[in-house]
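Fold and contact review
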Amino acid sequence: MLAAGLLFPSLISHVLGGAVPRSDLKPRSLLHSIPSGYSPSELWVPGDDVIRLTVGIPPKDASSLYATLLDVSDPSSSNYGRHLTRDEVAQLSSPDPESVKAITDWLGRYGITPEQRSHSGDTLSIVVSSARADALLAANFTAYTHSMTNTTIIRTLSYSLPAYLHDHIAFVYPTTQFDPPARRQAPPMKRVDRRAGLRKTNLASAASTSCTGAVTPKCLQALYGIPSSPANASGNSLYVSSLGGTGANPNDLQTFLTKYRPDILHGSFAVLPITESQNTDAGDDEGNCDTQYTVGLATNVPVTYVVAGDKENGVLLSDLLDTANFLLSLEKPSLVLTTSYVFDEPAADDQDLQQMARAICNAYAQLGARGTSVVFAAGDGGAAGGMSASDGCGQKVFIPTFPSTCPYVTSVGSTDDISPEVAASFSSGGFSNLFPRPSYQDSAVNAFLDRQRNANAGLYNSSGRAYPDVATQGVNFAINVAGKGVGFSGTSASSPTFASIVALINDRLLASGKSPLGFLNPMLYSKGVAAFNDVTKGDNGDARCDAAGFNADTGWDAVTGLGTPDYDKLLDVVTGHSFNKLHSGAARVPSISRLLYTIIWMFTAVVVYRHIAH
């Protein structure tokens, strides 16, 4: 295929009136061939489709956002728990006005007005025909089909921008980012009954507190000390991400609750569509597990199913960004957000996709600063990665999963078995190639690396952000789909489980007039370590390929993180002396100690930001 931009010189002149001379355009991204797994769609009619293009703008002072986030998230800080308002976060995250003006002036010369902006202004969206997008970006947008998922996306093999805009624009999406739709790699669903041949035998009854037959709400309550009493604090919330057209069925939820939580008489979830997305109510395993184990564990905490994307395109990175920006636009964002989808971390040679990943991670930092605990499934591809492990053997390096590698989310791995729990072999974990390791991890991760010695040398970046942070059970969750009981496995079950524990702890804090937990990791890696059950057996290697992985070990490890939670101990940690001084809505402390603390954090954040930016 010819390089895009060489095909339409007359169209550019016709559509845009020659507003930007072609000599002033500088290539921004170029792919020399169609990425593996994709092929042009035979049904594509050029010019017919409408494309929503998102333009990312670099933040003016990201280091200040990161420093402030850490200041309000570290239990040793006098500002712990004093989360920021929507406008305070927007001010810290805003782009340079010069960049905004340059971009809007460029679009304005072609009669294009942004349809939507993020609250901080770091992204804006335009809606144009594919022909107009071709002309604007000297591109050749075409529909491509992803063979493995049978989903269709519109992309171009190259695009260009005016030379003066390159430093003002972080990314334009979708263009050359062939981000494969997220999908599951965990074992397929099985009927939950005695004849199903599940590896765990003796199916647990609905009332059983044992997890040896199947994992149920009651067995998780017994295992981790999760209370069954209803939450009662006002202002609490737990949001569940639905991406790529996945659905959750309220009737399946009622069937599930009748069997496994009959004490919950009116359990339900609200549906919150963003853009033009909507819950299909069809209910699949992913959406049903998310809602059944948030409503079924976080008793009486309001649960909201946030719907983004559509089935035709599959689960894309843009769904993550759209969801985060939507929540940031709210006066009061959710206190907990759980997401059960993962992607391979963008490779070093895909700069535009890397910039988009940075923008998504930055949005999660903004949510954390506002008091949201952002929780993600680690992935189900073992050490090999969230998606590539299913594509065959022969990988020469470990592929980390995103967004778990973002330093501002809490990544949840999976365990199996009881007394003791062991690492689930599919549980993804490792080290980022894009984001450097945050300082809050240094002590725990360095101890792990010292014990690793030369194991897996050359397969991972030991200086990268390490994940997962924590783990919970993740094998053979009893769920209901289309009126039938099935078994569901994966970190997609672990993430809503841990998120529910966080939501219940928030209930106790709010009821006492204290602030919610917000960004969890600095607390988890300091005072929170004592609240976790250490998992020391198992690994996440791939037996099919005789591929190496990481071993569970004493302390933090790259399979189960810090271990599995003990609700009572975690509640004790966050209601101790350092947390008792919090006052919801209080101003952050303008003290000398705080200034010194912030200076130290800002210095650290500047180093991290410069590393990320380059």
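Attention here is on the structure that accompanies the text.

Each value, and the rule that gives it
Residues numbered from 1 in each chain as written. Predicted model: local features only at pLDDT ≥ 70, side-chain atom pairs only at ≥ 80, totals over all residues. Heavy atoms only, no water. 1 Å grid on protein atoms, 1.4 Å probe; cavity = no way out; pocket = protein on both sides within 12 Å on 5 of 7 lines; lining within 4 Å. Points joined across faces, edges and corners; volume = space filled by probe spheres on them. Helix = DSSP H or I, 4+ residues; strand = E, 2+ residues; numbered from the N terminus. Nonpolar A, V, L, I, M, F, W, Y, C, P; charged D, E, K, R; others polar. Axes fitted to C-alpha atoms, helices over the stretch in contact; angles between N-to-C directions. Parallel < 35°, antiparallel > 145°, perpendicular 65-115°, else oblique. Left-handed = near helix turned anticlockwise from the far one by under 90°. Contact = heavy atoms within 4.5 Å. Salt bridge = Lys/Arg side-chain N within 4 Å of Asp/Glu carboxyl O. Buried < 20%, exposed > 50% of the residue type's maximum accessible area, 1.4 Å probe, protein only. Disulfide = S-S within 2.5 Å.

**Structural notes on empty space enclosed by the protein**
Taken as a whole, this structure holds 6 cavities of 30 Å³ or more when the rule is applied. Taken together, Arg86, Val89, Ala90, Ser118, His119, Ser120, Asp122, Asn325, Leu328, Gln366 and Arg370 make up the lining of the second largest cavity. Those elements that provide at least two residues to the lining of the second largest cavity are helix H3 (86-93) and helix H9 (317-329). For the lining of the second largest cavity, the leading source of residues is H3, giving 3 residues. Among the residues forming the lining of the second largest cavity, the class breakdown is 3 nonpolar, 5 polar and 3 charged.

**What about the packing of helix H8 (residues 285-295) against helix H12 (residues 491-511)?**
Between H8 and H12, whose axes approach to 9 Å, the crossing angle comes to 25°. Here H8 is positioned roughly parallel relative to H12, judged by the angle of their axes. Handedness of the crossing formed by H8 with H12: right-handed. Where H8 abuts H12, its residues Glu286, Cys289, Asp290, Tyr293 and Thr294 lie against Ser492, Ala493, Pro496 and Ser500. In terms of residue class, the contact of H8 with H12 is made up of 4 nonpolar, 3 polar and 2 charged.

**Re the pattern of salt bridges**
In total, this model carries 10 salt bridges according to the counting rule given. Asp263 is the salt-bridge partner of Arg261, the closest N and O atoms lying 2.7 Å from each other. With a relative accessible area of 0%, Arg261 lands in the buried category. The partly exposed category is assigned to Asp263, whose relative accessible area is 44%.

**Looking at the state of the cysteines**
Overall, the coordinates contain 2 disulfides when judged by the stated rule. The disulfide partner of Cys211 is Cys219, and the S-S distance across this bridge is 2.1 Å. Across the S-S bond linking Cys211 and Cys219, the dihedral sits near 105°, which makes this disulfide right-handed. For the residue pair Cys211 and Cys219, the accessibility class agrees, reading buried in each case. Bridging Cys361 to Cys406, the disulfide has an S-S length of 2.1 Å. Across the disulfide from Cys361 to Cys406, rotation about the S-S bond amounts to roughly 80°, and the bridge is consequently right-handed. Here Cys406 lies in the loop between strand E17 (401-402) and strand E18 (410-416) and Cys361 lies in helix H10 (residues 351-369), a separation of 45 residues in the sequence. Given a relative accessible area of 2%, Cys361 falls into the buried group. Judged by relative accessible area, which is 0%, Cys406 ranks as buried.

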